[in-house]
Amino acid sequence: MDKAQIAKIEEAYLLAEKAHEPQKRQSGEPYIIHPVAVATTLAELHLDPETIMAALMHDVIEDTPVAKSVIIDKFGETVAELVDGVSKLTQMPFRNKAELQAESFRKMILAMSKDLRVILVKLADRLHNMQTLGVVSAEKRRRVARETLDIYTPLASRLGMHKLRTQLEDLCFEALYPYRSSVLSERLNKIYGNRKEVISVISEAIERACKLHRLPHLEVSGREKHLYGIYKKMRDRGLSFIDVTDKYAFRIIVDNIEDCYRVLGYVHNLYKPVPERFKDYIAIPKANGYQSLHTTLFGPYGVPIEIQIRTRLMQEMAENGIAAHWLYKSSDPNQNTDARIRAQAWVSNLMEIQRKSDSTTDFIENFKVDLFPDEVYVFSVDGQIFELPRGATAIDLAYAMDSNLGNTCVAAKLDKEYLLLSSPLVNGQVVELICDKNAHPNALWLDFVVTSKAQSAIRHYLKNQLSNDTLLTGENLLAKALAKFNVQLAQVKDDHFAALIQELNLNNKSELFEKIGVGVFVARLIAERLANIVVKGTHPEDAVHSMQKNESLYIEDSNGYKIVLAECCYPIPEDLIIGEVLPAKNMLVHMGNCASIVARKNKECVSLIWKDHIKDQFAAEISVRVLNKVGMLNKLTTAITMMQTNIEDFYAYHLNDYERVLVLIVMVRDTIQLNEIMNEIRTLEYVQSVSRGKIV
Ligand code: MN
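These remarks concern the structure in this document. (Residues numbered from 1 in each chain as written. Predicted model: local features only at pLDDT ≥ 70, side-chain atom pairs only at ≥ 80, totals over all residues. Heavy atoms only, no water.)

Focus: the coordination of the manganese ion
Protein-derived coordination of the manganese ion comes from His34 (NE2), His58 (NE2), Asp59 (OD) and Asp125 (OD), at a distance range of 2.2 to 2.5 Å. Along the chain, the residues that donate to the manganese ion are spaced as H-x23-H-D-x65-D. One end of the pair, His34, is in helix α2 (residues 33-44); the other, Asp125, is in helix α8 (residues 117-131), and 91 residues separate them in sequence. Of the two residues, His34 and Asp125, neither departs from the other in class, the shared state being buried. (Donors = N, O, S within 2.8 Å, 3.2 Å for Na, K, Ca; no water. Helix = DSSP H or I, 4+ residues; strand = E, 2+ residues; numbered from the N terminus. Buried < 20%, exposed > 50% of the residue type's maximum accessible area, 1.4 Å probe, protein only.)

The following block contains the structure:
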């Protein structure tokens, strides 16, 4: 600053000191220390003289008899507007404190839309007030911290001022949860104490590598951790302290972009990079303008090292966002005004919200929603608020409330209307969950839930469920298949099984059933071989060769393979098909998209085509999802019989309280006939959906 500017700032200080003279902070100190602290924060951010003057006088209009006109006369319109922008409305009568706060806040946002520096002063003001919260009552401390987390930290985040945001967040964390904060801080200090040596080994190695290549002006720092950030990760993602802090993080600051890429080369040469973890946010900045190179390395003691490499300017932008603009605008007008353009665009968007809001309270609510663009807030019936990522559904909400609620959720209601479990929730909705202790999670949910908590809970359930279910399914499939050879499962003794189990390289009977259940083995093939052993006492290997039915007739170029149509997917003519090559010149034909084939990628497969003009009947599997209504089954079977179609097999299961799934094996010529049948079923009352195969 030049001499005239410094003199003006001194003048502002003197005016403030005199105006606040009789006042004391709650700590008993002279009031003036507060505006001086605010001005210091802004000076450290290299803000311009006008902002510093405004910071020194920011409480003058609100708290002392000095009028706005006095500031206009002495310091000009701009400074006076900045001061006025952060001043609460005191002259107007308000019904209550909340209304006063809401209206004052709106006024500040309006002032901010004219001059962004208003919010910088306000944030610096809030920072000092948070730093000196120690002296106020616990109740007020919590209220102020809550308000800061609700409004000011997201605001700072929106403006890219992450350093200030993390400072504010840690102060709020301490005010709201003093015990948690101190425990975490202690653990963190301990970890850093233990890691000191490793950290210095790594940073020295990096520095040495750079010096070797004569790279000047380099700063290496083990990144400082942000307490509230650690706490939030642990809370929101259910992680342990060690999960969050198990990485070593370093930041390397250099002079220019070229050096960033050079350093990247040196560190990759020093420790091996983890593949696919490298991100070039310099060439392609993040949406918020953030620039840096990110890479992860395998460190010297097997620890993963996360490295960020950026220039000083990028560092300034990453930490101070729009505030950095004032530092650089004089030296390089073209560089990184992005943050400011974005901030301006956002503020004009706020003005739009302001125009569309009916009342001030409305505006604050909409403003808050806008501050958290990626979250929705919904309520449970008992008024508890839940914060969920955008796109979250009632199932996500159920799991967020309680895993057990999620596992047994069958429906959700919104104002007495049923809500589709898959539809995304909207801000402010009050959602009533309907649970049934006998219900269980549905694999279909995995398609639409967005929270990791819901996803992992559903997967966990399904995985445990799968082995019991598939075992039974496999046993049933085998029993049924054996029946076709006039053999009862009970007739098959362990001796009979033993040879086959050994040949198939399995451990026991259960494994065989399980593999049949998931479709690795075809029940019909296994049954045939077992039947041969039981009835004729034939050796299993001969049994394969004595297969009676040969479906090779249906397939072009079967090259002497014995063809069997798989019963995991029931392919029929016109379907795209592939053949799975089995031992002893057997081939199993699947639909091209059969899940059991997709799941076993290493299987040897060949693509096949159907012969033309096949005149035969084939088994096809369809699933019909219906409402649980009396007579439903009768209607369905009648409709199918009317179409001159045989139902070869049939079973049903509960999908949930009010829906059933009917799985039918029908005999058809080809996909054309099958589609006709499916279309006919779709027209029936109470039918929700009809699909090929099983509903997973
Ligand atoms: Mn203040």
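Things to note about the packing of aromatic side chains
Overall, the coordinates contain seven aromatic pairs when judged by the stated rule. Connected via pairs of aromatic rings, a cluster forms that spans Phe173, Tyr177, Tyr228 and Tyr231. Directly above the aromatic system of Tyr248 lies the positively charged group of Arg195, at a separation of 4.7 Å from the ring centroid. (Phe/Tyr/Trp six-rings, centres within 6.5 Å; stacked < 30°, edge-to-face > 60°. Lys NZ or Arg CZ within 6 Å of the ring centre and 35° of its normal.)

A short note on the pattern of salt bridges
Two side chains with opposite charge may pair up if their charged atoms get near one another. A full pass over the atoms with the stated rule returns 18 salt bridges. Note that Arg312 is salt-bridged to Glu219, the shortest N-O span being 2.6 Å. In this pair, Arg312 is assigned in helix α15 (residues 312-320) and Glu219 in strand β1 (residues 219-222), connecting sequence segments 93 residues apart. Within this structure, Asp48, Glu50, Asp115 and Arg117 form a network of salt bridges that share partners. (Salt bridge = Lys/Arg side-chain N within 4 Å of Asp/Glu carboxyl O.)

Brief notes about the side chain of Asn320
Mapped onto the elements, Asn320 comes out in helix α15. Classification of Asn320 as buried rests on a relative accessible area of 9%. For Asn320, the residues in contact, after removing those within four places along its chain, are Leu45, Gly160, Met161 and Lys163. (Contact = heavy atoms within 4.5 Å.)

Description of the packing of helix α22 (residues 494-503) against helix α23 (residues 509-517)
At a minimum axis distance of 10 Å, the contact between α22 and α23 shows a crossing angle of 65°. Classed by the angle they form, the pair α22 and α23 counts as roughly perpendicular. Of the two possible hands of crossing, α22 and α23 adopt the one that is left-handed. Contacts between α22 and α23 involve Asp494, Phe497 and Ile501 on the former and, on the latter, Lys509, Leu512 and Phe513. Class assignment of the residues belonging to the contact of α22 with α23 gives a composition of four nonpolar, no polar and two charged. (Axes fitted to C-alpha atoms, helices over the stretch in contact; angles between N-to-C directions. Parallel < 35°, antiparallel > 145°, perpendicular 65-115°, else oblique. Left-handed = near helix turned anticlockwise from the far one by under 90°. Nonpolar A, V, L, I, M, F, W, Y, C, P; charged D, E, K, R; others polar.)

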